[in-house]
Amino acid sequence: MLPSDSAWLALERPENPMTITIMLRVDGLTAGRFREFLDVYWTAWERFLCRPVWKAPAWYWQKDPTFSVSHHLDVVIDRFDQHQLQDWVSARLNEPLPRYRPGWKFWLAPNAQGGAALLLRLHHCYADGLSLLGIFSTLCPPSPRQYPAIYGAAELPQLERWTTYARQWLGNMAAQAGQVSGAIPDDGPTKGAGHAGRALEASARMVHELSEFLVEPADTPSELRRPLLGRRSCRWSEPVALDRFRAVASATHTTINDVLLACVAAAVRPRLGMSPEQLDDTVMHAAVPVDIRSRMPEGVRPEDGEPGNCFGTVFVPMPVDGASALERLFRIKHETRKLKKSWQPGIAWGLTASAALLPEVGRKPLADLFFRKASAVVSNVPGTPETRYLAGCAITEQMFWVPQAGDIGLGVSIVSYAGQVQFGVVADEAILANPHEFLDDCLSELDQFPGGLST
């Protein structure tokens, strides 16, 4: 198993399992149709037939000799209304996945009001959110009459190849840095000076970025930093037209992502349990996953359609002391511009991947280094702009929750799909007693911006 995958097994804690949850509302999906979908398409990825097994000194993928789709699908015939459905999904989030089978499971509620509800829980070691989105985009075409054309992937041993390319990549970086010490290439002093200058610049930037990452202050103690109970609940908002966020971004010369993060900052502010005077000195970050596939060298970067974990994390300072919606928005814009070209995601990915290589006694300091720097995880999941179809049935909504590692107990999901946006929240019960109020505040903030009011 690659270190970037097994890291999520190493960082897991009983009260905070590293499990991704996806919910789709699929109009007209029946149990029979979905079983056929699993048999033919989903299991074409050989990784989903395997379970992670520890054989000292590493984790391995091992095929489940008793694999059966029936072990990984529960069908619930209840006619859930919206409130009942949200309680039911929360209960599934607290249901552990058995370690003696592959670490994923679907639940289907075909009679839920508003369309069938399909829930997937999958351990993070199998894939990150972008890998799963790529798989679902492959399996869910834009037409009900269209069948998936290319799908599936064999699970082949890759650790040796991965390690070789990673060492070559690091070796090349070290060789470039070595040129700074005085070695001038054979292609002349001018060109050699250019090589040395670029190597010096890259080395200096790496040192600077790593230093900034390590010295970034930890979050101020707040109501969001309580010891976790290990029981979580989730909620999600009604869909909001993407054009509303686009109108605000256009009117304020920001991006849609800036507007979305500003809405989250506004909802976080009253939940820190601080007075306005205390907020002036408060440090609060959101850990935001960032895709780094385009920055990875060939051989380490996964192929298209291949499941895996290839994202880093940036820690975005949240302007919780901002006195107005516009102030919070423009401060978010300033912070995201600073982080846009940062090497921080790659550094974070490398440090996370190293967790699986450390003895257990060394993992906690590494986890503390990461997770003391954030009080919440905010994931922004871009779906397809058009409606997709699963087994010939239209997907009307999709929601996505990522795990919150370490002592982080609050996760916020922002999902765009088919011209609409939804906010989702999952929180340990020690952190948020009423997560639906958090979502209400996210949407209320949108009304405070120019162009943000619904028409």
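So, how was this worked out
- Residues numbered from 1 in each chain as written.
- Predicted model: local features only at pLDDT ≥ 70, side-chain atom pairs only at ≥ 80, totals over all residues.
- Heavy atoms only, no water.
- Helix = DSSP H or I, 4+ residues; strand = E, 2+ residues; numbered from the N terminus.
- Buried < 20%, exposed > 50% of the residue type's maximum accessible area, 1.4 Å probe, protein only.
- Contact = heavy atoms within 4.5 Å.
- Areas by Shrake-Rupley, 256 points an atom, 1.4 Å probe, with all protein chains shown as cover.
- Core = buried A, V, L, I, M, F, W, Y, C linked by side-chain atoms within 4.5 Å.
- Polar contact = N/O pair within 3.5 Å; in protein donor to acceptor, adjacent residues only side chain to side chain.
- Salt bridge = Lys/Arg side-chain N within 4 Å of Asp/Glu carboxyl O.
- Pairing = 2+ DSSP bridges.
- 1 Å grid on protein atoms, 1.4 Å probe; cavity = no way out; pocket = protein on both sides within 12 Å on 5 of 7 lines; lining within 4 Å.
- Points joined across faces, edges and corners; volume = space filled by probe spheres on them.
- Nonpolar A, V, L, I, M, F, W, Y, C, P; charged D, E, K, R; others polar.
- pLDDT = per-residue confidence, 0-100.
- Axes fitted to C-alpha atoms, helices over the stretch in contact; angles between N-to-C directions.
- Parallel < 35°, antiparallel > 145°, perpendicular 65-115°, else oblique.
- Phe/Tyr/Trp six-rings, centres within 6.5 Å; stacked < 30°, edge-to-face > 60°.

### Some words on the overall build of the chain
Helix and strand counts for the chain come out as 13 helices and 15 strands. When burial is assessed residue by residue, the chain has 51% of its 455 residues classed as buried. In the chain, of all internal contacts separated by at least 6 residues, the share reaching a separation of at least 24 is 77%. Here the chain has roughly 20700 Å² of accessible surface; of this, 55% comes from carbon and sulfur atoms.

### A few points about the nonpolar core
Counting residues in each nonpolar core, the largest one holds 66 residues, and the members touching the most others are F34, W42, V89, F106 and L390. Take this core: its biggest share by element is six residues, from strand β6 (residues 116-123). The contacts of F106, once residues within four sequence positions are left out, are F34, L38, W42, H72, L73, D74, L118, L119, L120 and F136.

### Focus on helix α4 (residues 129-139)
The α-helix advances 3.6 residues per turn, and as a result positions three or four apart in sequence lie on the same side. For α4, the set of buried residues is G129, S131, L132, L133, I135, F136 and L139. A distance of 3.3 Å separates the backbone nitrogen of L130 from a side-chain oxygen at the start of α4, and that oxygen is part of D128.

### A short note on the pattern of salt bridges
By the definition in use, this model includes 20 salt bridges. Linked through salt bridges whose partners overlap, the residues forming this network are D5, R47 and E155.

### Let's talk about the pairing of strand β3 (residues 58-63)
As paired elements, strand β2 (residues 50-55) and β3 share six bridges and run antiparallel to each other. Within β3, the residue paired with P52 across the bridge is W61. With antiparallel pairing between neighbouring strands as the criterion, β2 and β3 make up a hairpin whose turn holds two residues.

### As for empty space enclosed by the protein
Over the atoms rolls a probe the size of a water molecule, and its path tells where empty space is left. Inspection of the entire model under this criterion finds three cavities of 30 Å³ or more. When its volume is computed, the largest cavity comes out at roughly 180 Å³. Lining the largest cavity are 18 residues, with L24, L133, F136, S137 and Q398 sitting closest to its centre. With five residues, the single largest contributor to the lining of the largest cavity is α4. The residue makeup of the lining of the largest cavity, split by class, is 12 nonpolar, five polar and one charged. Counted as a void, the second largest cavity has a volume near 110 Å³.

### What to know about the confidence of the model for the chain
Across the chain, the average pLDDT comes to 86, with 85% of residues at 70 or higher. Under a pLDDT of 50 for its full length, residues 179-186 has, in the predicted model, nine contacts with residues more than four places off or in other chains.

### Some thoughts on the packing of helix α7 (residues 242-252) against helix α8 (residues 256-268)
Helix-helix packing is characterised by the crossing angle of the two axes and by the distance between the axes. For the pair α7 and α8, interaxial distance at closest approach is 8 Å and the crossing angle is 100 degrees. Classified by the interaxial angle, the pair formed by α7 and α8 is roughly perpendicular. The residues of α8 that touch α7, namely those facing L242, F245, R246, V248 and A249, are I256, V259, L260 and C263. Looking at the contact of α7 with α8 residue by residue, the class counts come to eight nonpolar, no polar and one charged.

### What to know about the packing of aromatic side chains
Scanning the entire structure with this criterion turns up 18 aromatic pairs. The interplanar angle of 70 degrees and the centroid separation of 5.0 Å between the aromatic rings of F34 and F106 together place this pair among those described as edge-to-face. With a gap of 72 residues between them, F34 in helix α2 (residues 31-40) and F106 in strand β5 (residues 104-109) connect regions that are remote in the sequence. Within the aromatic cluster, the residues linked to one another by ring pairs are F34, F37, Y41, W42, F48, W61, F67, W104, F106, Y126, F136 and Y151.

### Observations regarding the environment of Q158
By secondary structure assignment, the location of Q158 is in the loop between α4 and α5 (159-178). Note: C-alpha distance between Q158 and M1 (157 residues apart in sequence) is 7.7 Å. If we ignore the near neighbours within four places in the chain, the residues touching Q158 are L2 and E306.

### Remarks on the environment of F34
By relative accessible area, which is 0% here, F34 ends up buried. Separated by 39 residues in the primary sequence, F34 and L73 place their C-alpha atoms 9.4 Å from one another. Those residues in contact with F34, other than ones at most four positions away along the chain, are L29, L73, F106, L108, L118 and L390.

### Considering the sheet that holds β5
Sheet architecture is open: six strands sit in the order β4-β5-β6-β1-β13-β12, paired in mixed fashion. Among the strands making up the open sheet, the edge pair consists of β4 (73-75) and β12 (389-390). Those strands touched by α2 are β4, β5, β6, β12 and β13 (393-401), and its axis lies near 175 degrees from that of β4. Where α4 meets the sheet, it contacts β1 (19-26), β5, β6, β12 and β13, and its direction lies at approximately 30 degrees from that of β1.

### Points about the side chain of T254
Relative to the helices and strands, T254 is located in the loop between α7 and α8. A polar atom in the side chain of T254 sits 2.8 Å from the side chain of T252.

### Here's the deal with the side chain of S222
Its place among the elements puts S222 in the loop between α6 (189-215) and β7 (232-236). Of the residues examined, S222 reaches a relative accessible area of 14% and is grouped as buried. Residues contacting S222, with those up to four places away along its chain left out, are L272 and M274.

### Observations regarding the packing of helix α1 (residues 3-10) against helix α11 (residues 344-353)
Their axes nearest at 8 Å, the elements α1 and α11 cross at an angle of 65 degrees. Considering the angle they form, α1 stands roughly perpendicular to α11. Residues P3, S4, A7 and W8 of α1 form the contact with α11, whose own contacting residues are W349, T352 and A353.

### Focus on unusual backbone geometry
Of note, the phi angle at H253 is positive, near 60 degrees, even though the residue is not glycine. Tracing the sequence through the fold places H253 in the loop between α7 and α8.

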